[in-house]
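# Survey of secondary and tertiary structure
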Amino acid sequence: MSEVCSTRKERALSPTPPHPLLGARVLVTGGAGYIGSHACLALLEAGARVVSLDNYSNSTPEALRRVRALAEESCAARGAPPPSLDVVEGDLCDLPALRAALRAHPVSAAVHFAGLKAVGESCAQPLRYYHNNVTGTLTLLRALDEAGARRLVFSSSATVYGDPERLPIAEEAPLRATNPYGQTKLTVEDLLRDLARADARWVITLLRYFNPVGAHPSGLLGEDPAGPPNNLAPYITQVAAGRRARLQVFGGDYPTPDGTGVRDYIHVLDLVEGHLAALARGAGGGEARAYNLGAGRGVSVLELVAAFEHASGRAVPYEVVGRRAGDVAACYSDAARALRELGWRATRGVDEMARDAWRWQAQNPHGYRSAQEALS
Ligand code: WQD
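Summarising the element assignment, Thr 256 is placed in the loop between strand E8 (247–250) and strand E9 (262–263). In this view, Thr 256 contacts Val 262 and Ala 329; residues no more than four positions away in its chain are not counted.

Okay, here's the thing in structure tokens:
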């Protein structure tokens, strides 16, 4: 049958089609985390029902209280039914607890964020990283399979590419991790590829993040690292807020335009929109399909500093020091496959990332903790 192309007028009159996730119930592991909390909110706003599972080892239930409030406000404003968010405290390595959670809250899909992710820490504690990231994922997969929930979006990382031979990096680039954290991500990707090949009932999508930055524009959700931030953006905002004296720029002699490290920063809202597109993806066809989630452009350390100084109106003092072990000079994505196959691309620029991240820092100087909690 030939496809009838509607006219612009007909399209304008026809109601927007319901989101493919409307009514779906989705498990979000790490739902209280930086990206997980933003994903929970986006799923609720798309009309999905959400079950968050988190052990709060690197997050706080306060994030989910705010997700619920934002979702209730958004749904009410749109005349949509109230959001359905169930919050479960539990550990991925606890199979009985996972089974109980999935019995109590049957889901049809899962987005798997939960994992340890500090590169330096993984070098010091490899067994902890393998247990948490690999054993935890295996336990999750067993519980999901028993429950018949065989649609999975996995939070992978650009670190599976190691030190790239060519830029921008496409999904076909060689995979070779250069630290235990990256190796756990690669190990999980490999086991998911084997699972998809063995059982076509699974629909598995691997999302390789580049550098997530930014926060929900309300200023109520954001990145809240425990202790001194490992990553650049939260360190910059803490310097701008006066919580830290200055930024150390790791290396000023890289073969890059200004000598500092170049990365592909992507707004966290763009990132989670990529997850919703992945969840709506069609049948897996026996392949765990990987997609780069990046903006597809390189930004240097000093360029990011300048963006935050502009967004905050504050100076960000810094000193250039030696290179950080394990760092690569430049890393940025070719995200054409996600646009071609998922209809997704990043739309928010570095200035919007800096503006939103600064708003979160300024409104929450101690992250999700209150001032008195921060003093205790
Ligand atoms: C970015 C740039 C640093 C801090 C890591 C993980 C990756 C992902 C994102 C999880 C680099 C420089 C940093 C500082 C600096 N996480 N820098 N001073 O290393 O690209 O990626 O986090 O998936 O897997 O590897 O991010 O923010 O640490 O560094 O000069 O205090 O900023 O040298 O050039 P990275 P980053």
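Under the definition given, this model contains 24 salt bridges. In this structure, Glu 189 and Arg 208 form a salt bridge, with 2.7 Å as the shortest nitrogen-oxygen distance. Here Glu 189 is found in helix H7 (residues 180–198), whereas its partner Arg 208 is found in strand E6 (residues 203–209), with 19 residues between them in sequence. Residue Arg 208 is classed as buried on the basis of its relative accessible area, which comes to 2%. Across the pair Asp 327 and Arg 324 runs a salt bridge, and its minimum N-O distance is 3.0 Å. Residue class for Asp 327 comes out partly exposed when judged on its relative accessible area of 23%.

Looking now at empty space enclosed by the protein. Vacant regions in the atomic arrangement are exposed by a probe of water-molecule size rolled over the atoms. Summed over all chains, the structure comprises 2 cavities of 30 Å³ or more. Approximately 140 Å³ is the volume attributed to the largest cavity. Contributing to the lining of the largest cavity are 17 residues, with Glu 223, Pro 234, Thr 237, Trp 360 and Gln 361 lying nearest its centre. Those elements that place two or more of their residues in the lining of the largest cavity are helix H8 (232–240) and helix H12 (350–363). When residues of the lining of the largest cavity are assigned to their parent elements, the largest contribution, 4 residues, is made by H8. Per-class residue counts for the lining of the largest cavity are 8 nonpolar, 6 polar and 3 charged. Taken as a whole, the second largest cavity spans an internal volume of roughly 40 Å³. Contributing to the lining of the second largest cavity are His 112, Ala 114, Gly 115, Asn 133, Thr 137, Phe 154, Thr 184, Lys 185 and Val 188. Looking at the lining of the second largest cavity, the elements that each hand over two or more residues are helix H6 (126–147) and H7.

In the region of the ligand, 18 residues are neighbours, and Tyr 181, Leu 232, Gln 248, Arg 263 and Asp 327 sit closest. In the environment of the ligand, an oxygen atom lies 3.4 Å from a nitrogen or oxygen atom belonging to the backbone of Asn 230. Interatomic distance of 2.8 Å between a backbone N/O atom of Gln 248 and a nitrogen atom of the ligand. Computed on the free molecule, the ligand has an accessible area of 680 Å², of which 91% lies beneath the protein chains in the complex. Element by element, the count of residues in the shell around the ligand is highest for E8, at 4 residues. Its residues assigned to classes, the shell around the ligand comprises 8 nonpolar, 7 polar and 3 charged.

This paragraph deals with H6. With 22 residues, H6 ought to run about 32 Å at 1.5 Å a step, and its terminal C-alpha atoms sit 31 Å apart, in line with that. Contact partners of the buried residues in H6: strand E1 (25–29), helix H4 (95–104), strand E4 (109–112), helix H5 (119–124), strand E5 (151–157) and H7.

Roughly 290 Å³ of volume is contained in the second largest pocket. By residue class, the composition of the lining of the second largest pocket is 4 nonpolar, 7 polar and 7 charged.

When you tally the buried positions in H8, you get 8 out of 9 residues, the bulk of the element. Looking at the buried side of H8, the elements it contacts are strand E7 (211–213), E8, strand E10 (265–267), helix H10 (301–312) and H12. Just beyond H8, the residue with positive phi is Gly 242, at close to 85 degrees.

About the cut-offs
- Residues numbered from 1 in each chain as written.
- Predicted model: local features only at pLDDT ≥ 70, side-chain atom pairs only at ≥ 80, totals over all residues.
- Heavy atoms only, no water.
- Helix = DSSP H or I, 4+ residues; strand = E, 2+ residues; numbered from the N terminus.
- Contact = heavy atoms within 4.5 Å.
- Salt bridge = Lys/Arg side-chain N within 4 Å of Asp/Glu carboxyl O.
- Buried < 20%, exposed > 50% of the residue type's maximum accessible area, 1.4 Å probe, protein only.
- 1 Å grid on protein atoms, 1.4 Å probe; cavity = no way out; pocket = protein on both sides within 12 Å on 5 of 7 lines; lining within 4 Å.
- Points joined across faces, edges and corners; volume = space filled by probe spheres on them.
- Nonpolar A, V, L, I, M, F, W, Y, C, P; charged D, E, K, R; others polar.
- Near = heavy atom within 4 Å.
- Polar contact = N/O pair within 3.5 Å; in protein donor to acceptor, adjacent residues only side chain to side chain.
- Areas by Shrake-Rupley, 256 points an atom, 1.4 Å probe, with all protein chains shown as cover.
- Expected span 1.5 Å × (residues − 1).

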